[in-house]
Every structure is written in structure tokens, then in C-alpha cells.
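# Structure at a glance
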Amino acid sequence: MAECESQAERVSRNWLKRHPDLLEEQVSCQSATSLPALPLRELAPGVHVYLGESVQMEESANGRIANLGVVIGEKSVAVIDSGVSRRQGQELFAAIRQLTDLPISHVILTHMHPDHVLGTSVFKEAGAEIVGHAALPAALEYRAQTYLDNLAELYPPQEVIGTEVILPDRQVADRDIIDLGGRELLLKAEGTAHTDNDLTVFDSKTETFFSGDLIFRDLTPVVDGSLNGWLEWLEAAPAPMPRRIVPGHGEVAESWKIAVTPQTEFLTMLRDSTRAAIADGLPMSDAVPVIAKSMQIIENKWNSFEETAARDATAAYKELEWE
């Protein structure tokens, strides 16, 4: 376990220099099997996933709502999204160390939202290269303090202490490839859809597709980019067609149709209801509750529906009123 020990000790040492009063938070790979570790499910050889709780952050005790991925090659490991806090990042680190001693070479961030990106510092200190969409740095810088303030308000200190925003070292403007040794990850910067900085990851060896929040299952989708752009993305299945799809939230799907059909229904209804409200001449303040109410017929299919549907109606109105 020599490699494991050297990496973990470096993580611990760097962090403790900045937080000397919190010795109990240090990471030690010498006792990796006894450290708190995230439960990882193996989907295929070398591909593991942590499945988050399918609720919004406000309804969670610790914010661990996002799905996270781990892909192990012959030479190194890639993490796909790092979680909501340094503490979750540490537990993901410990879980990986129970699987392999290989270095963690890359952390791939699928988009800007805090439940996906705020555990990154652990891996950065361990020597990983941080990878994201070309638009991710600006998006994170703009929201960084708000994200950290909100985290501190939502959760107890022990859940969030030491959490910070880390910007990517490597930016993807179109496509890129990461070689982990014997397996390649194909990265694609998508157009504005869920956000303006969505990045997808395809493991060519097992045909596993990590969509980030371009695909929601169970949890109500959140429009933070372009409703029309998102629907356009959903209409075009990826090539090559994946064998399994890991969404940003919810269960892994074994087919593209299973993965995207409920979300396509939701977003199509949102678009059509919004267009109808605009055509009726309703101002946004009146239109939002009308739109949200019209969508209640599918409420039982989604978690955290009410507040998210109202938020989506507001975003949709702002986009579609100028069509």
C-alpha cells in the first residue's frame, strides 16, 4: 500500500497546514479499511458508482444527492464528480483506496453545481488533474462564495468544514480523451442545456455513459441553462450508443430510452405549458403558478417536485418569452 500511503499523507499534510486545529479530520491511508468510506456499486469491470439521495439539497441532511463515478484503468483512476463537500470527497477517496492503490490521475467535473464539485480539493491535493468544460471556470468563480455560504447554512459544520471551490486545470472546449491505461474516457463538451458547462464522459471499454445532470431520474430536473437546448440534446442519442447510462441523479439505466423518456416528457410539458401561458398574455408572476399547476399531473413521478417545478417555470418563461 506504499502508493496509497504517500498520496493520503500528502492530502493530510497539505490540508493540516491550513487547519492545524482539526487534526481529527486528517486522511490516513494506513487505516483505509476503517475510515468512513462511501458505498460504491460496481457496474462493470473497473466502473463503480455512488448513488446519491434523489432529493434536493434543502431536503437532505448532508447534501449527498449527486451520483459520483470511479473508473479504474491499468495505470490510474479517474473520478467523475467529487461530491458536495470535502468530507464526502475524503470518503470517496477512502472508498477508492479500498479498491486500488493506483494513483488518482483525474477528476472530471460534469458541471458547476455544488453537489457535484465541492469534494475536489481532496483529489487536487493528492495530485489529480481537474478537468471540466471550458465554461466551467467562469461559472464556478461567479458562484463560489454563494455555494459555500449556502452549504454553511444548510448543514452542520462537521459536514462542510474545509470545503472549498477548486477550478479545473484542464478545460474541454469540444472533445478530449483521457487514457487511464488500457481504457480511454471520451469527453464531450455539450451545448447549453442543463447548464452552459455540461460535460459528458464515455468509458469506451464498458460502453458506460456518464451524463452528469443532463439526465435526471427520480429527482425533478432543474433548468439552469436552456430548456430548448436541453430538449435538443435529448433528441439526439449519443454515438456510439451506450450499454448503460449513469445519470446525475437516480438509478443507472440500461437503455437510452429508459434513461431519457420521463425527463423528455417533463421538459416537453414545461415548454408547452410555458408557451401557452405566454400566448395567453400572462405576465411571469401570474404565469409561473399556472405553469406549475398544469404540470401536477406528472408530480407523482418525481421527487422534490413542487418548488423545482416553480423554479423551472420561471426559467422557462424568461427563455421562451422572446422566441
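## Side note on the layout of surface pockets
Rolled over the atoms, a probe sized like a water molecule indicates the empty space that remains. In this model, the largest pocket occupies a volume close to 750 Å³. Forming the boundary of the largest pocket are 29 residues, of which Gln 56, Met 57, Glu 58, Val 222 and Arg 311 lie nearest the centre. The set of elements that each furnish at least two residues to the lining of the largest pocket consists of α3 (114-117), α5 (136-154), β11 (208-216) and α10 (305-320). Per-element accounting of the lining of the largest pocket gives the leading share, eight residues, to α5.

## Examining the pattern of salt bridges
Overall, the coordinates contain 16 salt bridges when judged by the stated rule. With a shortest N-O distance of 3.8 Å, Arg 87 and Glu 159 are connected by a salt bridge. Note that Arg 87 is positioned in helix α2 (residues 86-97) and Glu 159 in helix α6 (residues 157-160), a separation of 72 residues in sequence. Owing to a relative accessible area of 28%, Arg 87 belongs among the partly exposed residues under this scheme.

## Considering α5
Of all bends in α5, the biggest is about 55 degrees, found at Arg 143. Along α5, the residues classified as buried are Leu 136, Pro 137, Ala 139, Leu 140, Ala 144, Tyr 147 and Leu 151. Those residues of α5 that are buried are in contact with α3, β6 (129-133), α6 and β7 (170-172).

## A short note on the sheet that holds strand β12 (residues 244-249)
Here five strands make up an open sheet; going across it, the order is β8-β9-β10-β11-β12 and the pairing mixed. Single-partner strands in this sheet number two, and they are β8 (175-179) and β12. Averaged over all adjacent pairs, the angle separating strand axes in this sheet is 25 degrees, with direction ignored. Here five bridges tie β11 to β12, and the two strands are oriented parallel to one another. Residue pairing for β12: Phe 210 is matched across the bridge by Val 246. Contacts between helix α7 (residues 227-235) and the sheet are confined to β10 (199-203) and β11, with β11 contributing the most and set at about 150 degrees to the helix. Across the face of the sheet, helix α8 (residues 256-279) comes into contact with β11 and β12 while running at roughly 5 degrees to β11.

## Re the pairing of strand β9 (residues 184-189)
Where burial is concerned, the two faces of β9 differ: the one with Leu 185, Leu 187 and Ala 189 is buried and the one with Glu 184, Leu 186 and Lys 188 is not. Bridge count for β8 against β9 is five bridges, and the pairing is antiparallel. Counted as the bridge partner of Ile 178 is Leu 185 from β9. Adjacent in sequence and paired antiparallel, β8 and β9 are bridged by four residues, among which Gly 181 carries a positive phi angle near 90 degrees. Pairing geometry for β9 and β10, over five bridges, is antiparallel. By the bridge assignment for β10, Leu 185 is matched with Asp 203.

## Regarding the packing of α8 against helix α9 (residues 284-294)
Running from N to C, α8 and α9 cross one another at 140 degrees; their axes reach a closest spacing of 9 Å. In terms of their interaxial angle, α8 and α9 are classed as oblique. Remark: the crossing between α8 and α9 carries right-handed chirality. Counting all contacts with α8, which are made through Met 269, Leu 270, Ser 273, Thr 274 and Ala 277, the residues of α9 involved are Ala 287, Ile 291 and Ser 294. Each residue belonging to the contact of α8 with α9 can be placed in one class, and the counts come to five nonpolar, three polar and no charged.

## Some words on unusual backbone geometry
Trans peptide bonds make up the majority, and among non-glycine residues the majority have a negative phi. Of note, the amide linkage connecting Ala 239 to Pro 240 takes the cis form, showing an omega dihedral of 0 degrees. Checked against the element boundaries, Pro 240 lands in the loop between α7 and β12. Non-glycine residue Asp 218 carries a positive phi angle of around 75 degrees. Along the polypeptide, Asp 218 turns up in the loop between β11 and α7. Despite not being glycine, Ser 304 has its phi angle at roughly 55 degrees, a positive value. Its location among the elements puts Ser 304 in the loop between α9 and α10. The class for Ser 304 is buried, based on a relative accessible area of 14%.

## Let's talk about the packing of aromatic side chains
Two measures describe an aromatic ring pair: the distance that separates the ring centres and the angle between the ring planes. Evaluated as defined, the whole model comprises six aromatic pairs. Ring plane angle 90 degrees and centroid distance 6.3 Å describe the contact between Phe 266 and Phe 305, whose orientation is recorded as edge-to-face. With Phe 266 in helix α8 and Phe 305 in helix α10, this pair connects stretches of sequence that are 39 residues apart. Through a chain of ring-to-ring contacts, the aromatic side chains of Phe 209, Trp 233 and Trp 256 assemble into a single cluster.

## Digging into the side chain of Thr 100
Mapped onto the fold, Thr 100 is located in the loop between α2 and β5 (104-108). Looking at Thr 100, the relative accessible area reads 11%, which means it is buried. At 3.0 Å, the side chain of Thr 100 and the backbone nitrogen of Leu 102 are in polar contact. With near-sequence residues (within four places) excluded, Thr 100 lies in contact with Ile 72 and Val 77.

The rules behind each value
- Residues numbered from 1 in each chain as written.
- Predicted model: local features only at pLDDT ≥ 70, side-chain atom pairs only at ≥ 80, totals over all residues.
- Heavy atoms only, no water.
- 1 Å grid on protein atoms, 1.4 Å probe; cavity = no way out; pocket = protein on both sides within 12 Å on 5 of 7 lines; lining within 4 Å.
- Points joined across faces, edges and corners; volume = space filled by probe spheres on them.
- Helix = DSSP H or I, 4+ residues; strand = E, 2+ residues; numbered from the N terminus.
- Salt bridge = Lys/Arg side-chain N within 4 Å of Asp/Glu carboxyl O.
- Buried < 20%, exposed > 50% of the residue type's maximum accessible area, 1.4 Å probe, protein only.
- Bend = angle between axes of the 7 residues up to and from the residue.
- Contact = heavy atoms within 4.5 Å.
- Pairing = 2+ DSSP bridges.
- Axes fitted to C-alpha atoms, helices over the stretch in contact; angles between N-to-C directions.
- Parallel < 35°, antiparallel > 145°, perpendicular 65-115°, else oblique.
- Left-handed = near helix turned anticlockwise from the far one by under 90°.
- Nonpolar A, V, L, I, M, F, W, Y, C, P; charged D, E, K, R; others polar.
- Phe/Tyr/Trp six-rings, centres within 6.5 Å; stacked < 30°, edge-to-face > 60°.
- Polar contact = N/O pair within 3.5 Å; in protein donor to acceptor, adjacent residues only side chain to side chain.

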